[in-house]
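Residues per chain are reported as follows:
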2 protein chains.
Amino acid sequence: MNKTTFSYRQLEIFTKEIFLKIGCSEAESKTATDVLLSADLRGIDSHGIARLTGYVRLWENKRVNANPQIKITHETPSTAVIDGDAGLGLVVAPNAMKVAIAKARNVGTGWVSVGNSNHFGIAGYHAMMALEEDMIGIAMTNASALVAPTFSVERMLGTNPIAIAIPAGKQPAFVMDMATTTAANGKLELLQRENKDAPVGWIQDKYGENSQNAAELKDNGALLPLGSDREHGSHKGYALGSVVDIFSAVLSGGSYGPWAPPFPAYVPMPENMPGKGLGHFFGAMRIDAFRKADEFKEHMDNWITRFRNASPKNKNQHVLIPGDPERETEAIRRKEGIPLFPSVIEDLRILAEKLHISTHPF
Amino acid sequence: MNKTTFSYRQLEIFTKEIFLKIGCSEAESKTATDVLLSADLRGIDSHGIARLTGYVRLWENKRVNANPQIKITHETPSTAVIDGDAGLGLVVAPNAMKVAIAKARNVGTGWVSVGNSNHFGIAGYHAMMALEEDMIGIAMTNASALVAPTFSVERMLGTNPIAIAIPAGKQPAFVMDMATTTAANGKLELLQRENKDAPVGWIQDKYGENSQNAAELKDNGALLPLGSDREHGSHKGYALGSVVDIFSAVLSGGSYGPWAPPFPAYVPMPENMPGKGLGHFFGAMRIDAFRKADEFKEHMDNWITRFRNASPKNKNQHVLIPGDPERETEAIRRKEGIPLFPSVIEDLRILAEKLHISTHPF
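Just so you know, these numbers come straight off a predicted model, no measurement behind them. (Residues numbered from 1 in each chain as written. Chains lettered and ligands numbered in written order. Predicted model: local features only at pLDDT ≥ 70, side-chain atom pairs only at ≥ 80, totals over all residues. Heavy atoms only, no water.)

1. As for the side chain of Glu216 of chain A
Residue and element names in this part refer to chain A. By the secondary structure assignment, Glu216 is in the loop between β9 (210-211) and β10 (222-223). Buried charge without a salt bridge: Glu216, with Lys206 as the nearest opposite-charge side chain at an N-O distance of 7.0 Å. Contact partners of Glu216, with chain neighbours within four places excluded, come to Ile203, Gln204, Asp205, Ser211 and Gly221. (Helix = DSSP H or I, 4+ residues; strand = E, 2+ residues; numbered from the N terminus. Buried < 20%, exposed > 50% of the residue type's maximum accessible area, 1.4 Å probe, protein only. Lys, Arg positive; Asp, Glu negative; His and termini not counted. Salt bridge = Lys/Arg side-chain N within 4 Å of Asp/Glu carboxyl O. Contact = heavy atoms within 4.5 Å.)

2. Thoughts on the environment of Ala148 of chain A
All names here are of chain A. Topologically, Ala148 is positioned in the loop between β5 (135-141) and β6 (162-166). Residue class for Ala148 comes out buried when judged on its relative accessible area of 1%. Separated by 133 residues in the primary sequence, Ala148 and Thr15 place their C-alpha atoms 34 Å from one another.

3. Comments concerning the packing of helix α2 (residues 26-42) of chain A against helix α4 (residues 89-107) of chain A
Residue and element names in this part refer to chain A. It is the contact of α2 with α4, at a shortest axis distance of 8 Å, that shows an interaxial angle of 95°. On the basis of the axis angle, α2 is roughly perpendicular to α4. Contacts between α2 and α4 pair Glu28, Thr31, Ala32, Val35 and Leu36 from the former with Leu90, Val91 and Pro94 from the latter. Partitioning the contact of α2 with α4 into residue classes produces six nonpolar, one polar and one charged. (Axes fitted to C-alpha atoms, helices over the stretch in contact; angles between N-to-C directions. Parallel < 35°, antiparallel > 145°, perpendicular 65-115°, else oblique. Nonpolar A, V, L, I, M, F, W, Y, C, P; charged D, E, K, R; others polar.)

4. Quick notes on the relation of the copies chain B and chain A
Structural alignment of chain B on chain A gives an RMSD of 0.0 Å, achieved by rotating through 180° and translating 0.0 Å along the axis. Within this description, the copies of the chain are treated as partners about a two-fold rotation axis. By C-alpha distance to the rotation axis, the residue of chain B lying nearest is Gly227 of chain B, at 2.4 Å. (Least-squares fit on C-alpha atoms with pLDDT ≥ 70 in both.)

5. Focus: the sheet that holds strand β10 (residues 222-223) of chain B
Residue and element names in this part refer to chain B. Spatial ordering of the open sheet is given by β9-β8-β10, a layout of three strands whose pairing is antiparallel. The two strands at the open ends of the sheet, each matched to only one other strand, are β9 (210-211) and β10. In this sheet, β10 lies alongside strand β8 (residues 203-204) in antiparallel orientation, the contact comprising two bridges. Among the inter-strand pairings, Ile203 is bridged to a residue of β10, identified as Leu223. (Pairing = 2+ DSSP bridges.)

6. Considerations on the pairing of strand β11 (residues 278-286) of chain B
All names here are of chain B. Among the nine residues that make up β11, nine are buried, leaving the element largely enclosed by the rest of the structure. Pairing between strand β4 (residues 109-117) and β11: seven bridges, direction antiparallel. The residue bridging Ser113 from the neighbouring strand is Phe281, located in β11. Pairing geometry for strand β5 (residues 135-141) and β11, over seven bridges, is antiparallel. Across the sheet, residue Ile138 finds its bridge partner in β11, namely Gly283.

7. Examining the packing of aromatic side chains
On inspection of all chains with the given rule, the structure shows 23 aromatic pairs over all chains. Ring centres of Phe174 of chain B and Trp303 of chain B lie 5.8 Å apart, and the angle between their planes is 80°; this geometry places the pair in the edge-to-face category. Here Phe174 of chain B is found in strand β7 (residues 174-178), whereas its partner Trp303 of chain B is found in helix α8 (residues 293-308), with 129 residues between them in sequence. Of the two residues, Phe174 of chain B and Trp303 of chain B, neither departs from the other in class, the shared state being buried. In this structure an aromatic cluster arises from ring pairing among Trp111, Phe247, Phe281 and Phe290 of chain A together with Trp111, Phe247, Phe281 and Phe290 of chain B. Its guanidinium or amino end placed over the ring of Phe341 of chain A, Lys3 of chain A lies 4.5 Å from that ring's centre, counting from NZ or CZ. (Phe/Tyr/Trp six-rings, centres within 6.5 Å; stacked < 30°, edge-to-face > 60°. Lys NZ or Arg CZ within 6 Å of the ring centre and 35° of its normal.)

8. Brief notes about the interface of chain B and chain A
Between chain B and chain A, the contact holds 93 residues from the first and 92 residues from the second. When chain B packs against chain A, close to 7200 Å² is buried across both sides, 68% of that on carbon and sulfur atoms. Sorting the residues of chain B by area buried against chain A places Phe151, Lys236 and Phe290 of chain B first, and these three jointly supply 11% of that buried surface. Along the contact surface separating chain B from chain A lie four salt bridges. With a shortest N-O distance of 2.5 Å, Glu154 of chain B and Arg306 of chain A are connected by a salt bridge. Across the chain B-chain A interface, the total number found is 40 residue pairs in polar contact (both at pLDDT 80 or more). A per-element tally of the side of chain B that touches chain A places helix α7 (residues 234-250) of chain B first, with 12 residues. Taken together, the residues that form the side of chain B that touches chain A break down as 53 nonpolar, 28 polar and 12 charged. (Buried area = accessible area lost by both parts, 1.4 Å probe. Polar contact = N/O pair within 3.5 Å; in protein donor to acceptor, adjacent residues only side chain to side chain.)

9. What to know about the domain arrangement of chain A
Residue and element names in this part refer to chain A. Parsing chain A into structural domains produces domain 1 (1-60 + 336-362), domain 2 (68-182 + 227-322) and domain 3 (191-223). When residues of domain 1 are sorted by the area they lose upon contact with domain 2, Val35, Tyr55 and Leu58 head the list and together hold 36% of the total. Across the contact surface, domain 1 and domain 2 share zero salt bridges. On inspection of domain 1 and its partner domain 2, the count reaches one residue pair in polar contact (both at pLDDT 80 or more). Breaking the side of domain 1 that touches domain 2 down by element, the ones donating at least two residues are α2 and α3 (52-60). In terms of residue count, α2 provides more of the side of domain 1 that touches domain 2 than any other element does, nine residues in total. Its residues assigned to classes, the side of domain 1 that touches domain 2 shows nine nonpolar, four polar and five charged. (Domains from an automatic or database assignment.)

10. A few points about the sheet that holds strand β2 (residues 71-76) of chain B
Residues and elements named next belong to chain B. The sheet built from seven strands is open, its strands ordered β2-β3-β4-β11-β5-β6-β7 with mixed pairing. The two strands at the open ends of the sheet, each matched to only one other strand, are β2 and β7. Strand-to-strand twist in this sheet, taken as the mean axis angle between neighbours without regard to direction, amounts to 10°. Across five bridges, β2 lies against strand β3 (residues 79-83) in antiparallel orientation. Counted as the bridge partner of Lys71 is Asp83 from β3.

11. Let's talk about the environment of Lys170 of chain A
All names here are of chain A. Its location among the elements puts Lys170 in the loop between β6 and β7 (174-178). You can call Lys170 exposed: its relative accessible area is 83%. Sequence spacing of Lys170 and Lys297 is 127 residues, and the spatial spacing of their C-alpha atoms is 8.1 Å.

12. Digging into the confidence of the model for chain A
Mean pLDDT for chain A: 97, with 100% of residues reaching 70 or above. Model confidence for the complex: the whole-complex pTM is 0.98, and ipTM, which rates the interface, is 0.98. (pLDDT = per-residue confidence, 0-100.)

Spelled out as structure tokens, the structure:
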């Protein structure tokens, strides 16, 4: 399928206008746009502008509050719990991360659990907010259930990503941003668009058997936890996804496990929800709460250089540092623009018409 | 191979005597024994009494200091860095975890990075120290390099485990304790003892090709990060192992990556080490720094019950909660004793003779 390329600036103007139209403030529209489009810049296309219509549909269904009163409901010197007031996760999350950073400034580290929120875009954006403060940043979120625990055929967990950003000196930062599944759901969506099979080990069918049908989730199949099967450590991916769920939603009063609210607005809300909305968890650790920041960064440069130069299996494929592929994609896309699928462009064109936006590039 | 079973009490008396003989204090001998044998109780046989001779050899080679002056070298209200003074990790680690817990009592959470230490037994023991305080406990450690990053044939990381213990109410606690590799090295040792092949996806040979030879590490093979290969997310296991390495050793001034000191005393120390000894990282988060502890525990019970009852693939294998298998093994072994391989027993008998311990069960 032929993609069409748009400049970051084109998408930025449009996206911000959409958030303004649904009633977000000027500042919050800007924040939500930055967060959402950071996914397109970094090559995580499933979490960027392709989801904009989805967020608007949640707002239409009154599942998203465009003017949330985000508040701290409980705190200690190093922790806080935040109620997102059903706001856009794209706005609630950077807010919460700022609280974590402020606490780290005061007492060395800050840890914030957030409930009553919605999807927050890519975890990496929030974790990376800590970098310019010479802090390590951590971000995670639960999500609606698509993943079956080891030995189960039932979807109990979201793809529950974890991002950890660690500053370096002359080298670019170390940025891990990973779903706790073998493959992120966005990769399945891509395979479906291209009519391709998924590798064995990514998904199972409703009976718990291996499947390569990228659309298997539509027939009650499930994504598999990182590790794929018991013999290859799927119980570890399941445990990691569970920790994300508990830190994000059980600590905060969010809705957890199979009760996490769905992203598609047409999917009914789960019954008997034990909490409100999605949950997130953020951490910030000041480097100099442990060691002089300059000293740490020199060692990080040494760490990164040594790993980049580890003997490769093939001479043409050197070892990558977490964050390398996304950073390289961002450099290209800032220059050459962001390619979008025809179906995404069509979606955005319809959205523009519905919200009476007269000037747009689609 | 026929194993012989010993009571916990028998192994406890013997192990403590060994630590006393090498010069540990009464209190530290008791702590080291508790930590070491918790592995045997929980069924992680590779990390328990089978390693006792290894610890003694490190002491003989002056790589372990039996009377360390463990000290905090830097701190903030929520963080500390500890220099383990080349002590037994079995002693240094519980010490550091206590500091994390004390800080959590004061400001909500506590985070401690430890350098200049040695192997600390099972990560789960230390994380679980937080449970009785109504805190979430976190423990991780780096270790000597046995794991090749994605795309590499070089061993750059240890099996770098992460343990996270989360209190519940009426249900037993959630206790994740996992190597960040597809399979822990102890599982390979077991296969070697039994002359069995390893499954594809656990190890690679020195050329980076799949191998099923459980002894492949002796010929410069490597363990694979959780995920096994790029297509199944090995870059995620590699990233997780890297985070453990950085939090444990780069933050603390320990020796990291391929420079982490080896456990076998006959393996020469790496050249140009960038820091001292192994590193660990500990965290404690007070539940009520986020939410009333009773409320949280009720939701954890709900979480655990719901997951335990997730539809199983096979009726005979229900879904497990992290920590279930270890807890069940501990219940059995406390009653029926701890089975040891003949080679382990022979090792311990020789150790007893060498250290002139006249009364012992081997």
